[in-house]
Amino acid sequence: MNRIVVKVGTNILTTANRELDLNNLRQLTHQMAQVAQSTEYELVLVSSGAIICGRQVLNITCQSIPEKQAAASVGQPLLLKEYSLFFNQQGFHVGQILLTQDGLENPERKAHALDTIQTLLAKKVIPIINENDSVATDEIQFGDNDQLACQVAQLIQADLLILLSDIDGVYTQPPSTNSDAELISTLKELSPELLTTLSSTSIGPGTGGIKSKVIAAEKAAKSGIRTVIANGRSSSIILDIIQNKPVGTTFLPS
Ligand code: GLU
């Protein structure tokens, strides 16, 4: 059995009007259901999008951390409602798990989280994980759940971690300002030069940017998990990655 963690970032769940992008949520859910239907795979979803949902309902700009936390508190059930609806249509139930980094560092809580995820997987329920934004702000401040996705992948000893955002992968230069920037298909080591270049690459409304993704991807790869950063707006991206098609940037496990 292959365990796959898919991380869906804020950028690919947000429309140009800064509302929840239900079309993309539907197409991603459809792909994930196809994977989970196979007896070969178990799939865990780490999804952002709570803040963007709550922001829309409360009609606030979310400038401060408490405002983001409040928006997440309102938005999380709405986000899960949409996931639940789309996964139900594909024959799946979903289970919500809200985690924090310090909780995952506590051996007892970590064991409980693992037990819950494994039990859900055994029952073919899709675990949907987010940071517990009411009590923690790690991923709101930096990361947009990239680090959390890495921790979850390590916890369940995943074979594959897919970090989806609205960029095709890691480029040699920021692609928005350099027409000769090239997509890096495979990465083993992150050089300090590349990290410096990536610091100036910003993408969308999420808080992570490409830098937080490559840090999370490198960490996961170093613990033996093949990790791919790819564009979650491409309609067959999850299936393409599973079929080893040359998409995104792959961090090879070491
Ligand atoms: N947990 C946050 C959410 O669901 C992550 C998004 C962010 O950090 O911007 O919205």
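Residues numbered from 1 in each chain as written. Predicted model: local features only at pLDDT ≥ 70, side-chain atom pairs only at ≥ 80, totals over all residues. Heavy atoms only, no water.

Which parts of the structure should I look at to understand the site of the ligand?
Looking at the ligand, there are 11 residues lining it, with Ala50, Ile51, Asn130, Asp133 and Glu139 nearest. Note that an oxygen atom of the ligand is positioned 3.2 Å from one of the backbone N or O atoms of Gly49. Contact between the ligand and Ile51: an oxygen atom at 2.9 Å from a main-chain N or O atom of the residue. Surface burial for the ligand is 96%, taken as the share of its 290 Å² of free accessible area covered by protein chains. Of all the secondary-structure elements, those providing two or more residues to the shell around the ligand are helix H2 (50–58) and helix H6 (138–141). Taken together, the residues of the shell around the ligand sort by class into three nonpolar, five polar and three charged. (Near = heavy atom within 4 Å. Polar contact = N/O pair within 3.5 Å; in protein donor to acceptor, adjacent residues only side chain to side chain. Areas by Shrake-Rupley, 256 points an atom, 1.4 Å probe, with all protein chains shown as cover. Helix = DSSP H or I, 4+ residues; strand = E, 2+ residues; numbered from the N terminus. Nonpolar A, V, L, I, M, F, W, Y, C, P; charged D, E, K, R; others polar.)

Would you mind showing me how to read helix H1 (residues 22–37) here?
Helical periodicity: at 3.6 residues per turn, an α-helix aligns residues three or four positions apart in one direction. Given a rise of 1.5 Å per residue, 16 residues ought to cover 22 Å, and the 22 Å separating the end C-alpha atoms of H1 matches this to within 8%. In this structure, the buried residues of H1 make contact with strand S1 (2–8), strand S2 (41–47), helix H3 (65–89), strand S4 (126–131), strand S5 (160–165) and helix H10 (237–242). Two to three positions downstream of the cap, the backbone nitrogen of Asn23 sits 3.3 Å from a side-chain oxygen, assigning the N-cap of H1 to Asp21. (Expected span 1.5 Å × (residues − 1). Contact = heavy atoms within 4.5 Å.)

Explain the packing of helix H7 (residues 146–155) against helix H9 (residues 209–222) to me, please; I cannot follow it from the model alone.
In a pair of packed helices, the angle between the axes and the distance between the axes together describe the arrangement. At their nearest, the axes of H7 and H9 sit 8 Å apart, and the two run at 15° to each other. It follows that H7 is roughly parallel to H9 by the angle criterion. As for the relative orientation of H7 and H9, their crossing is right-handed in sense. Along its contact with H7, which presents Asp146, Gln147, Cys150 and Gln154, the element H9 presents Gly209, Ser212, Lys213, Ile215, Ala216, Lys219 and Ala220. Split into classes, the residues belonging to the contact of H7 with H9 amount to four nonpolar, four polar and three charged. (Axes fitted to C-alpha atoms, helices over the stretch in contact; angles between N-to-C directions. Parallel < 35°, antiparallel > 145°, perpendicular 65-115°, else oblique. Left-handed = near helix turned anticlockwise from the far one by under 90°.)

Just checking my understanding: could you explain empty space enclosed by the protein for this structure?
One water molecule sets the probe size; rolling that probe over the atoms shows where empty space is left. Inspection of every chain in the model, using the stated rule, returns two cavities of 30 Å³ or more. The space that makes up the largest cavity amounts to roughly 50 Å³. What lines the largest cavity is simply Ala36, Tyr41, Glu42, Leu43, Phe92, Leu121, Lys124, Val125 and Ile126. A total of three residues in the lining of the largest cavity trace back to one element, the largest contributor, which is S2. For the lining of the largest cavity, a count of residues per class yields seven nonpolar, no polar and two charged. When its volume is computed, the second largest cavity comes out at roughly 30 Å³. When residues of the lining of the second largest cavity are assigned to their parent elements, the largest contribution, three residues, is made by H9. Residue composition of the lining of the second largest cavity, by class: four nonpolar, one polar and three charged. (1 Å grid on protein atoms, 1.4 Å probe; cavity = no way out; pocket = protein on both sides within 12 Å on 5 of 7 lines; lining within 4 Å. Points joined across faces, edges and corners; volume = space filled by probe spheres on them.)

Explain the environment of Val125 here, please?
In this fold, Val125 is placed in the loop between helix H5 (107–122) and S4. Of the residues examined, Val125 reaches a relative accessible area of 14% and is grouped as buried. As for Val125 and Val5, which are separated by 120 residues in sequence, their C-alpha atoms are 14 Å apart. Apart from residues no more than four positions distant in its own chain, Val125 is found in contact with His93, Val94, Gly95 and Leu120. (Buried < 20%, exposed > 50% of the residue type's maximum accessible area, 1.4 Å probe, protein only.)

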